[in-house]
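Here is what each chain is made of, one letter per residue.
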Amino acid sequence: WRRVIAMKPEDALALTNLGLAYSGVGRFNEAIQACSEAVRVKPEMAGAHYYLGRMYAAIGDKDRAISQYQVLVEFNQELADRLLTAAGLGSPVEC
């Protein structure tokens with residue numbers, strides 16, 4: 001993914017996939033950085049918000065995970081609800 005990003009630094013999908021690759025090996029700081037960049041490049045990309053929220057939850061940053069939920073609900077309610085469940089953040093009523 002780094003090669004793709006080197007050629008297309010504004011490729012939000014490649015940035016998100018790089019974040020997923022980093023998270024898969026426990027490198028959450030790099031994962032968050034990559035997905036944050038994806039969100040910056042393409043703020044309406046629901047998947048980037050979803051995975052960023054999951055990564056924040058993985059490092060115990062519940063407030064930032066909930067912030068991603070709140071943004072995500074604007075784009076995709078179903079994916080937002082999946083984030084709550086997957087990240088153990090509670091129910092939509094609690095957020």
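Before any of the text, the structure's been laid out above.
Let me sum up the structure you'll find in this document.

Calculation criteria
- Residue numbering note: each chain is counted from 1, following its sequence as written.
- In keeping with the model being predicted, local features are shown solely for residues with a pLDDT of at least 70 and side-chain atom pairs are shown and tallied solely at 80 or more, while totals for entire chains, interfaces and linings include all residues.
- By convention in this description, side-chain values take in all heavy atoms of the structure and omit both hydrogens and water.
- Lines fitted to C-alpha atoms define the axes here, with helix axes fitted over just the stretch in contact, and angles between the N-to-C directions of these axes take values from 0 to 180 degrees.
- Helical segments are the DSSP runs of H or I of at least four residues, strand segments are the runs of E of at least two, and each set is numbered from the N terminus.
- If an angle is under 35 degrees, it is roughly parallel; if it is over 145, roughly antiparallel; if it lies from 65 to 115, roughly perpendicular; otherwise it is oblique.
- Take the far helix as your reference; a near helix turned counterclockwise from it by less than a right angle gives a left-handed crossing, and one turned clockwise gives a right-handed crossing.
- Between two residues, a contact is recorded if the distance between any of their heavy atoms is within 4.5 Å.
- Residues were grouped as follows: Ala, Val, Leu, Ile, Met, Phe, Trp, Tyr, Cys and Pro as nonpolar; Asp, Glu, Lys and Arg as charged; and all remaining residues, including Gly, as polar.
- Only protein chains enter the calculation, and the probe is 1.4 Å; a residue is then buried if its accessible area is under 20% of its type maximum, exposed if over 50%, and partly exposed in between.
- Each direction from the helix axis to a C-beta atom contributes to the arc, which is the arc of those directions.
- Definition of a polar contact: a pair of N or O atoms within 3.5 Å, with one able to donate and the other able to accept a hydrogen when the atoms are protein atoms, and with sequence-neighbouring residues admitted only if both atoms are side-chain atoms.
- In a helix, the anticipated span is given by 1.5 Å times the number of residues less one.

Two elements in contact, helix α3 (residues 28-41) and helix α4 (residues 46-58), have axes whose closest approach is 9 Å; the angle formed by their N-to-C orientations is 155 degrees. Taken together, the axes of α3 and α4 are roughly antiparallel relative to one another. The handedness of the crossing between α3 and α4 is left-handed. On α4, the residues that touch Phe28, Ala31, Ile32, Cys35, Ser36, Ala38 and Val39 of α3 are Ala48, His49, Tyr51, Leu52, Met55, Tyr56 and Ala58. When its residues are assigned to classes, the contact of α3 with α4 shows 12 nonpolar, two polar and no charged.

Attention shifts here to helix α6 (residues 77-86). Taken residue by residue, α6 has Leu79, Ala80, Leu83 and Leu84 as its buried positions. Down the axis of α6, the buried set is contained in an arc of 150 degrees. They therefore lie on one face. Residues of α6 that are exposed and angled more than 90 degrees away from the buried face: Glu78 and Thr85. Close packing links the buried residues of α6 with α4 and α5 (62-75). At the N-terminal boundary of α6, the capping side chain belongs to Asn76, with an oxygen 3.2 Å from the backbone nitrogen of Glu78. Once α6 finishes, Gly88 follows within two positions and takes phi at roughly 65 degrees, a positive value.

Bringing helix α2 (residues 12-24) into the picture now. Spanning 13 residues, α2 covers 18 Å between terminal C-alpha atoms, matching the ideal 18 Å at 1.5 Å per step. What α2 keeps buried is the set Ala12, Ala14, Leu15, Thr16, Asn17, Leu18, Gly19, Tyr22 and Ser23. Its side-chain oxygen 3.1 Å from the backbone nitrogen of Leu13, Asp11 forms the N-cap of α2. Phi turns positive one or two residues past the end of α2, at Gly26, with a value near 80 degrees.

Time to look at the side chain of Ser23. Tracing the backbone through its elements, the reader meets Ser23 in helix α2. Judged by relative accessible area, Ser23 falls into the buried class, the value being 18%. Excluding residues that lie within four positions of it along the chain, Ser23 makes contacts with Phe28, Ala31 and Met55.

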